[in-house]
Amino acid sequence: SLELDDLHAGLHLEDQSCGSSPDAACWIQRRAKRLSEESDADTGKHSQQSEGRAGVNASDVLGSQESDHTLLSTNASKFYCDSHTGGSCRFWSCSSSRGPTMCKSSQCRCMPGFCAAAGVCKERTQDNVAHVADTCNRDTGGSCRFFGCSSYRGAVDCIDGGCVCKVGYCSADDGSCHQPKARIKAHVVPVNLQQRNFPSSQVNLRTGLCFSGGGSRALTVTMGVLRALESLKLIPHVDAISSVSGGTWASSIYMFAKDISIKELLGEDTTPNELTMDRLLKTPARLGAVATTSITSLLWHNVKFNNPHEMWIDSYAKAVLEPFGLANRSQFMAANEESLQEILRRNPSLSSDQFQVPNPLRPKTYIMGGTILAPVGLLATETSAVSLQMSPDYTGSPFYPKDSLVHYKGKDNREFLVGGGFVETFAFGGSAPSSAQGQMGGEAVEMEAPPTAFSLADAIGISSAAFASVLVNAGWLTSAASFVIGHEAEEYLPVKDVWPVTSKKFSTWRPALKYQLGDGAEVDNTGMMALLQRKVPKIVAVFGTNRELAEDIDFCDGNVLRLSLKNKVSNDLLDKFGYVAENPGEYLIYNQVFHADDLAKLLCKFEKKRESGEALVVQQDMEVLANSKWGIEGNWRVSVIFVYLNSCKRFTLNLPPETLQEVEKGRWGRFANWPHFKTSSQNSGKFTSYTPEQVNLLAAFGEYMIRSNTEMFMRFFQ
C-alpha cells in the first residue's frame, strides 16, 4: 500500500525515498543505508540488548518489511517528528521546495507543526502523523567535518561530514539519537473555564507555601524558613508547596531527599545572639552547602561538550541534586509508590525504568514553576507566555490564556493553542495523544513515549533557567555568545515537545510542538499564581527578593499609589496588584489578582514593621480578582502571610559584636549587600556561590522571620 511504502521509505532510508535527488539530506540517507548494511555484529548486538529494555527491538522494527506490517498493527512507537531537512542556509536562503522552513544555526529547519520527511517539511496532522511526518530520521543536524560528533549525540556515525544516528536509533529533533520506545498510556486532565477540576492530588488544598526565585539567595532563605516551620511542627499542616527558580532548588531537595534527618538537611535551630563568626564559618547544613557550590566549571564543561539545550539542566542537576543522589536524568517521577505501581500496571514497558518519588513525610502537593515561552523559531508575547507547572504526578499548563488561541512573534501568523490541562509527568515531553478524543482528556490515553525521561533534574533546570533567558534577551551579548561559543544564544534555552489539552471549544487535534521553556520567574516569580488557580485559601508567600523596601518613601502616605514604585518595591509583589515595571524577558502585565488599595494597606503595614525594627512579615486578607489569562476565579477571599526579605534592626542588633561589625562594614565586609546577596558575582571570581558564613547568616535570618512571628503562624496553620 502507499501507506506502507511511505513508512518503508522513512524507516529504511531506501534510495527510492529520494530518487536521484542530489539533495543533501537524501544523499546522507543513501550513505547511511550503505553504511548500515556494512555495520558489524557488535553494533547489532548492542542495539538489540538496549531495545529489549525499552520494550521494542530496534533491529526488528527497522530491519525488514515484515516488521513494518507488525509496526502498523501494534502499539509500537510512531517515532519522532524531526525538523532537520538537511539543507543549509549559511550562504543562501532555504529552497522553497523544502516547504515551510526557517533558518536556524545555518540549517534549514521546518517551521513549528511541520516535520522533515526526505528533506521536505510535511504538516503534522492527525491523519498523516503515522506514516508521513513521524519517521525515523537519522540525520542529527550535527557536523563532524572538523571536530567529530559531540558525545551528547549518542550512537552516531560520521558520514561524509554529517553526524548520522546508527542503525536502530532515530533523531528526535534534539540533536541526539534515541532508540524507539513502546507507546504508553497516561492520564490526561483537562483544566479550562468549563472544566476547572485539577488532578485529584491537587484539589481541596487548605494551606500552601510559596518560595520565590532568587538563585542561591532564595535557596538560603527558603532553608531557614523550612527549618523554623519544621521546628514549630507546622509542616504537617501544610498541604502544598509552590516554588520558582532558586526556591525550587531548595524545595526540590526538601521534597525528595530521603534517608537524611531534618537537622542534617536544614541545620540546627539558631538565635541571633549565638551567631558568632566562629559558628558562621562552619560548613552549612547539607541543603545550605549547595549554595556554596561553584557551577562555573560545570557550565564551561557543558558549554563545550553537552547539548546546548541541556546545559542549564545538566549543570544544575550536578550542583544542586547530585549531593543527594537525585541527579539521575534517566529517572521518571511519580507522586508516590502507589501511583508508581499503577503507572507500571498500565505500562509494562517501563518496568525496568527507574522512578523518583517524594518523601512521604512532606506536603502532598508540590509544584515547580517554569514558563512555556514559544515554539522554536518564534518569540513569546505577554499573552502567549504561560506557566509550566511541573509536579511529581502531573505536568502542564492549566487553562488557555484569556480562554483564546494565541499568536507568537515571528514570521508565522498562525494561531496556536497552548495550555488547557495536564498529562502525567512520566509522559510529558512526548507526542500528542493518538486520538482527538484522548487529547481532550481521559484515563489511560495512548500516546507516544517521550524520547527521554522527564526527571526531577529537568524540572529544576527549567524552573531556574534564568541565565539562558538573559542571554537570549541581552542584545549584543547574544551575538557575542554565538561567535565565541559556536551556538546561537537561544539554543541554551531548554526545549521540550509540548501539546495542548483540547476541549469542546477547541476540539481540533493538535500536534506537539518543540517549545522553548524558561525560568518560572518570567511569568510569576513567587509561585503564588499556581495556588490561586487552585483556590488555596491560606498562603504563606516568601519573597527572597533583591529589592529593599525604599526608605525615601512614606508608604503610609495616602497618595503612595500615585508615586512611581519602580525599584522601590519588588516587582514580584507589585504585579499581583496591577503595578508592573518589567525587566527584559518578563511577562507580568496580566498578573493582577488583588485590588490596588490592598497594596497600599500592605505597604503601610510593612512601613510600620520596619520603623519598629521588626522583620517584614504581615498577614492580610484580600479579595481575589478574576484573571482571564491565568483562569483564576474572582469573588473569593484569601489570607496571605507575606514574608518579605528586608533589613531588620532587631535581628542585626542582637548579633554578637564581631558579627555585627562585619555586617556594618557593608560592601567591604564578609556580608556585602546584606541581606540581598546578589544572585551572581556576590563574591569575586564566583558565579552563583556564597561563602559558608553568608549562607549560615542568611538562613538564620530566614528562620528568624518565622520565629519572631510564631504566634501568627501558629494561628494561621492551626
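Not measured: the values here are computed from a predicted model.

### Considerations on a nonpolar patch on the surface
Consideration 1: A cluster of nonpolar side chains, namely Val580, Ile589 and Tyr590, defines an oily patch on the protein surface of about 230 Å² accessible area.
Consideration 2: Residue placement: isoleucine 589 occurs in the loop between helix 20 (571–574) and helix 21 (596–611).
Consideration 3: For isoleucine 589, a relative accessible area of 46% translates into the label partly exposed.

### Quick word on the state of the cysteines
Consideration 1: Tallied over the entire structure, the rule returns eight disulfides.
Consideration 2: In this model cysteine 165 forms its disulfide with cysteine 177; the gap between the sulfur atoms is 2.0 Å. Across the S-S bond linking cysteine 165 and cysteine 177, the dihedral sits near -90°, which makes this disulfide left-handed. Note that cysteine 165 is positioned in strand 8 (residues 162–165) and cysteine 177 in strand 10 (residues 177–178), a separation of 12 residues in sequence. Note on accessibility: cysteine 165 and cysteine 177 belong to one class, buried.

### Notes on the sheet that holds strand 6 (residues 139–143)
Consideration 1: Strand order across the open sheet formed by three strands is 6-8-7, with antiparallel pairing between neighbours. In this open sheet, the two strands that pair with only one neighbour each are strand 6 and strand 7 (156–159). Across this sheet, the average inter-strand angle for adjacent strands is 35°, counted without regard to direction.
Consideration 2: Taken together, the two bridges between strand 6 and strand 8 define a ladder with antiparallel strand orientation. Of the residues in strand 8, the one forming a bridge with aspartate 139 is valine 164.

### A look at the packing of aromatic side chains
Consideration 1: Summed over the entire model, instances satisfying the criterion amount to 21 aromatic pairs.
Consideration 2: Between the aromatic rings of tyrosine 408 and phenylalanine 416, the centroid separation amounts to 5.3 Å while the plane-to-plane angle is 65°, which identifies the pairing as edge-to-face. Neither residue differs from the other here; tyrosine 408 and phenylalanine 416 are each classed as buried.
Consideration 3: Geometrically, the ring pair formed by phenylalanine 677 and tyrosine 690 is edge-to-face, given 5.4 Å between the ring centres and 75° between the ring planes. Highlighted residues: phenylalanine 677 in the loop between helix 23 (657–664) and helix 24 (692–707) and tyrosine 690 in the loop between helix 23 and helix 24, separated in sequence by 13 residues.

### Describing the packing of helix 8 (residues 246–256) against helix 13 (residues 311–321)
Consideration 1: Running from amino to carboxyl end, helix 8 crosses helix 13 at an angle of 55°, the nearest separation of the two axes being 11 Å. Classified by the interaxial angle, the pair formed by helix 8 and helix 13 is oblique. Classified by chirality, the crossing of helix 13 by helix 8 is right-handed. Taking contact as the criterion, the partners of Trp249, Ser252 and Ile253 in helix 8 are, on helix 13, Tyr316, Val320 and Leu321.

### Looking at the pattern of salt bridges
Between side chains of opposite charge, a pair can form as their charged atoms come close.
Consideration 1: The full count for this structure, using the stated rule, is 28 salt bridges.
Consideration 2: Where glutamate 342 meets arginine 346, a salt bridge forms, and the shortest distance between an N and an O atom there is 2.6 Å. Separated by four residues within a single helix, glutamate 342 and arginine 346 lie in helix 14 (residues 337–346), roughly one turn from each other.
Consideration 3: Residue glutamate 703 pairs with arginine 707 through a salt bridge whose shortest N-O separation is 2.9 Å. Taken together, the positions of glutamate 703 and arginine 707, both in helix 24 and four residues apart, correspond to about one turn of that helix.
Consideration 4: Residues joined by salt bridges that share partners form a network here, namely Arg227, Lys263, Asp269, Glu703 and Arg707.

### A short note on the confidence of the model for the chain
Consideration 1: On average, residues of the chain score 84 in pLDDT, and 82% of them reach the 70 mark or higher.
Consideration 2: With pLDDT under 50 throughout, residues 1–77 is counted as low confidence; its partners more than four residues away or in other chains account for 117 contacts.
Consideration 3: Scored below 50 in pLDDT, residues 474–486 shows 13 contacts in the model against residues more than four places distant or in partner chains.

### Regarding the sheet that holds strand 3 (residues 107–110)
Consideration 1: Taking strand neighbours across the sheet as the criterion, the three strands line up as 1-3-2 in an open arrangement whose pairing is antiparallel. Each edge of the open sheet carries a strand with a single partner, namely strand 1 (84–88) and strand 2 (101–104). Going across the sheet, the axis of each strand differs from the next one's by a mean of 35°, ignoring polarity.
Consideration 2: Relative to strand 3, strand 1 runs antiparallel, the two sharing three bridges.

### A look at the pairing of strand 2
The side chains of a regular strand alternate between both faces of the sheet.
Consideration 1: Only one face of strand 2 is buried, namely the one carrying Met102 and Lys104, since none of Thr101 and Cys103 on the opposite face is buried.
Consideration 2: Sheet topology places strand 2 next to strand 3; four bridges connect them, and they run antiparallel. Bridge assignment links lysine 104 to a residue of strand 3, and that residue is glutamine 107.

### Regarding the pairing of strand 13 (residues 240–244)
Consideration 1: Across the five residues that make up strand 13, a large majority, five, are buried.
Consideration 2: Judged from the four bridges that link them, strand 12 (residues 207–211) and strand 13 form a sheet pairing that is parallel. Paired with phenylalanine 211 across the bridge in strand 13 is serine 243.
Consideration 3: Considered for its hand, the β-α-β crossover made up of strand 12, helix 7 (residues 215–231) and strand 13 is right-handed.
Consideration 4: Note that strand 13 and strand 16 (residues 365–375) share five bridges and pair parallel. The residue bridging serine 242 from the neighbouring strand is isoleucine 367, located in strand 16.

### Remarks on unusual backbone geometry
Consideration 1: Geometrically, the link from tryptophan 674 to proline 675 is a cis peptide bond, its omega value of -10° lying close to zero.
Consideration 2: Along the polypeptide, proline 675 turns up in the loop between helix 23 and helix 24.
Consideration 3: Phi at asparagine 635 takes a positive value of approximately 75°, unusual for a residue other than glycine.
Consideration 4: With respect to the helices and strands, asparagine 635 occurs in the loop between strand 24 (616–624) and strand 25 (636–644).
Consideration 5: Non-glycine residue asparagine 673 carries a positive phi angle of around 70°.
Consideration 6: When you line up the elements, asparagine 673 lands in the loop between helix 23 and helix 24.
Consideration 7: Residue asparagine 673 is classed as partly exposed on the basis of its relative accessible area of 36%.

### A short note on the environment of glutamate 443
Consideration 1: Mapped onto the elements of the fold, glutamate 443 is located in strand 20 (residues 442–447).
Consideration 2: What makes glutamate 443 exposed here is its relative accessible area of 69%.

### Considering helix 8
Side chains three or four residues apart in an α-helix point the same way, a direct result of the helix having 3.6 residues per turn.
Consideration 1: Within helix 8, 11 of the 11 residues are buried, which leaves it mostly tucked inside the rest of the structure.
Consideration 2: Taken as a whole, helix 8 has its buried residues at Gly246, Gly247, Thr248, Trp249, Ala250, Ser251, Ser252, Ile253, Tyr254, Met255 and Phe256.

### Overview of the environment of alanine 466
Consideration 1: Checked against the element boundaries, alanine 466 lands in helix 17 (residues 466–472).
Consideration 2: Sequence spacing of alanine 466 and glycine 214 is 252 residues, and the spatial spacing of their C-alpha atoms is 9.7 Å.

### Focus on the side chain of arginine 217
Consideration 1: Residue position: arginine 217 is located in helix 7.
Consideration 2: The side chain of arginine 217 is buried and forms no salt bridge, while aspartate 572, the nearest opposite charge, is found at 6.8 Å.
Consideration 3: At 2.8 Å, the side chain of arginine 217 and the backbone oxygen of glycine 544 are in polar contact.
Consideration 4: When residues no more than four places from it in sequence are discounted, the contact partners of arginine 217 are Gly544, Thr545, Asn546, Leu645, Pro675, His676, Phe677, Lys678, Thr679, Tyr690 and Leu698.

### Describing the packing of helix 7 against helix 24
Consideration 1: As a packed pair, helix 7 and helix 24 sit with axes 7 Å apart at the nearest point and diverge in direction by 45°. Here helix 7 is positioned oblique relative to helix 24, judged by the angle of their axes. Here the hand of the crossing between helix 7 and helix 24 comes out right-handed. Side by side, helix 7 and helix 24 meet where Arg217, Thr220, Val221, Met223, Gly224, Val225, Arg227, Ala228, Leu229 and Ser231 of the first sit next to Val695, Leu698, Ala699, Ala700, Gly702, Glu703, Met705, Ile706 and Arg707 of the second.
Consideration 2: Of the residues that constitute the contact of helix 7 with helix 24, the class distribution is 11 nonpolar, four polar and four charged.

Reading the values: the criteria
- Residues numbered from 1 in each chain as written.
- Predicted model: local features only at pLDDT ≥ 70, side-chain atom pairs only at ≥ 80, totals over all residues.
- Heavy atoms only, no water.
- Patch = residues over 30% accessible without salt bridge, like charges linked within 9 Å, V, L, I, M, F, W, Y side chains within 5 Å.
- Areas by Shrake-Rupley, 256 points an atom, 1.4 Å probe, with all protein chains shown as cover.
- Salt bridge = Lys/Arg side-chain N within 4 Å of Asp/Glu carboxyl O.
- Helix = DSSP H or I, 4+ residues; strand = E, 2+ residues; numbered from the N terminus.
- Buried < 20%, exposed > 50% of the residue type's maximum accessible area, 1.4 Å probe, protein only.
- Disulfide = S-S within 2.5 Å.
- Pairing = 2+ DSSP bridges.
- Axes fitted to C-alpha atoms, helices over the stretch in contact; angles between N-to-C directions.
- Phe/Tyr/Trp six-rings, centres within 6.5 Å; stacked < 30°, edge-to-face > 60°.
- Parallel < 35°, antiparallel > 145°, perpendicular 65-115°, else oblique.
- Left-handed = near helix turned anticlockwise from the far one by under 90°.
- Contact = heavy atoms within 4.5 Å.
- pLDDT = per-residue confidence, 0-100.
- Right-handed = clockwise from strand over helix to strand, strands pointing away.
- Lys, Arg positive; Asp, Glu negative; His and termini not counted.
- Polar contact = N/O pair within 3.5 Å; in protein donor to acceptor, adjacent residues only side chain to side chain.
- Nonpolar A, V, L, I, M, F, W, Y, C, P; charged D, E, K, R; others polar.

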